[in-house]
Amino acid sequence: MGGIVAFGAEKAGLEQRLAPHFADEKLWLGVLAIGVMFVNQLMTGLVIGARAKYGVGHPIAYPTERDVKSPEDRVMFICAQRSHGNYLEWLLPNLITAIAAWFLTDAHATTIAASLVWLAARAAYGVAYSSGDAAKRTGPFVVSFLAQCLVYGTVVLFVARRALPGFL
């Protein structure tokens with residue numbers, strides 16, 4: 001899927017359209033680094049707030065019904081905990097893929113833009129999931145998935161073209 005998304009973006013001239021907006025690459029890499037820390041702090045704050053609100057002490061990550069006042073409190077806390085856990089589960093693969101895209105390709109503006117979209121969507125995902133209404137996370141998840149596919153697909157296209165010259 002990533003290769004298809006990246007191929008379409010390439011054919012649409014996405015890199016050329018984005019490049020003027022991300023000309024100061026060092027600035028945007030700094031913004032991304034700050035964004036990673038901001039989203040991590042946001043997620044941590046959601047879990048800390050849920051611990052206080054639902055009375056879940058450390059080191060409990062997944063409380064039983066005996067650890068909280070009600071089954072609803074348990075679900076609400078687990079939603080906050082999972083939003084942070086899910087962010088962390090996807091952060092490293094996305095960082096590695098973005099670094100690979102940066103060094104292997106010339107699609108720097110595409111990588112920066114897609115990574116910024118991914119971070120914003122993951123922040124929205126965390127807030128939505130922590131609300132207790134898991135359905136609210138679907139939109140931000142889809143956006144983050146497509147942004148991730150774009151960066152991943154850029155690497156896939158590079159590897160495919162390198163391994164199979166003339167194929168794409």
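Below you will find a few notes about this structure. This is a predicted model, so every value here is computed, not measured. (Residues numbered from 1 in each chain as written. Predicted model: local features only at pLDDT ≥ 70, side-chain atom pairs only at ≥ 80, totals over all residues. Heavy atoms only, no water.)

1. Re the packing of helix α4 (residues 71-104) against helix α5 (residues 108-130)
Where α4 contacts α5, the two axes come as close as 9 Å, and the packing angle between them is 175°. Between α4 and α5, the interaxial angle falls into the category roughly antiparallel. Tallied by class, residues from the contact of α4 with α5 come to 14 nonpolar, 8 polar and 2 charged. (Axes fitted to C-alpha atoms, helices over the stretch in contact; angles between N-to-C directions. Helix = DSSP H or I, 4+ residues; strand = E, 2+ residues; numbered from the N terminus. Parallel < 35°, antiparallel > 145°, perpendicular 65-115°, else oblique. Nonpolar A, V, L, I, M, F, W, Y, C, P; charged D, E, K, R; others polar.)

2. Some details on the side chain of Gln81
The residue Gln81 is located in helix α4 in this model. With relative accessibility at 17%, the residue Gln81 sits in the buried group. What Gln81 contacts, discounting residues up to four positions off in sequence, is Val47, Arg51, Ala61 and Tyr62. (Buried < 20%, exposed > 50% of the residue type's maximum accessible area, 1.4 Å probe, protein only. Contact = heavy atoms within 4.5 Å.)

3. What about the pattern of salt bridges?
Overall, the coordinates contain 2 salt bridges when judged by the stated rule. Between Glu10 and Arg161 there is a salt bridge, and its shortest N-O distance comes to 2.5 Å. Separated by 151 residues along the polypeptide, Glu10 in helix α1 (residues 2-11) and Arg161 in helix α6 (residues 138-163) bring together distant segments of the chain. Between Glu89 and Arg82 there is a salt bridge whose closest N-O contact spans 3.0 Å. You can call Glu89 partly exposed: its relative accessible area is 43%. Relative accessible area serves as the criterion here: at 21%, Arg82 is assigned to the partly exposed category. (Salt bridge = Lys/Arg side-chain N within 4 Å of Asp/Glu carboxyl O.)

4. Here's the deal with the packing of aromatic side chains
One pair of aromatic rings is described through two measures. These are the centre distance and the angle between the planes. Counted under the stated rule, the structure contains 4 aromatic pairs. Seen in terms of ring centroids, Phe22 and Trp28 are 4.9 Å apart; in terms of plane orientation they differ by 70°. Their pairing is edge-to-face. Its relative accessible area of 23% is what places Trp28 among the partly exposed residues. Between the aromatic rings of Tyr125 and Tyr129, the centroid separation amounts to 5.7 Å while the plane-to-plane angle is 75°, which identifies the pairing as edge-to-face. Residue Tyr125 and its partner Tyr129 are both found in helix α5; the two are separated by 4 residues, about one turn of the helix. Judged by relative accessible area, which is 11%, Tyr129 ranks as buried. Here the guanidinium or amino end of Arg122 rests over the ring plane of Tyr125, the centre of that ring lying 4.2 Å away. For Arg137, the ring lying beneath its charged end belongs to Tyr129, and the centroid distance is 4.3 Å. (Phe/Tyr/Trp six-rings, centres within 6.5 Å; stacked < 30°, edge-to-face > 60°. Lys NZ or Arg CZ within 6 Å of the ring centre and 35° of its normal.)

Shape is all these values report; function is a separate question.
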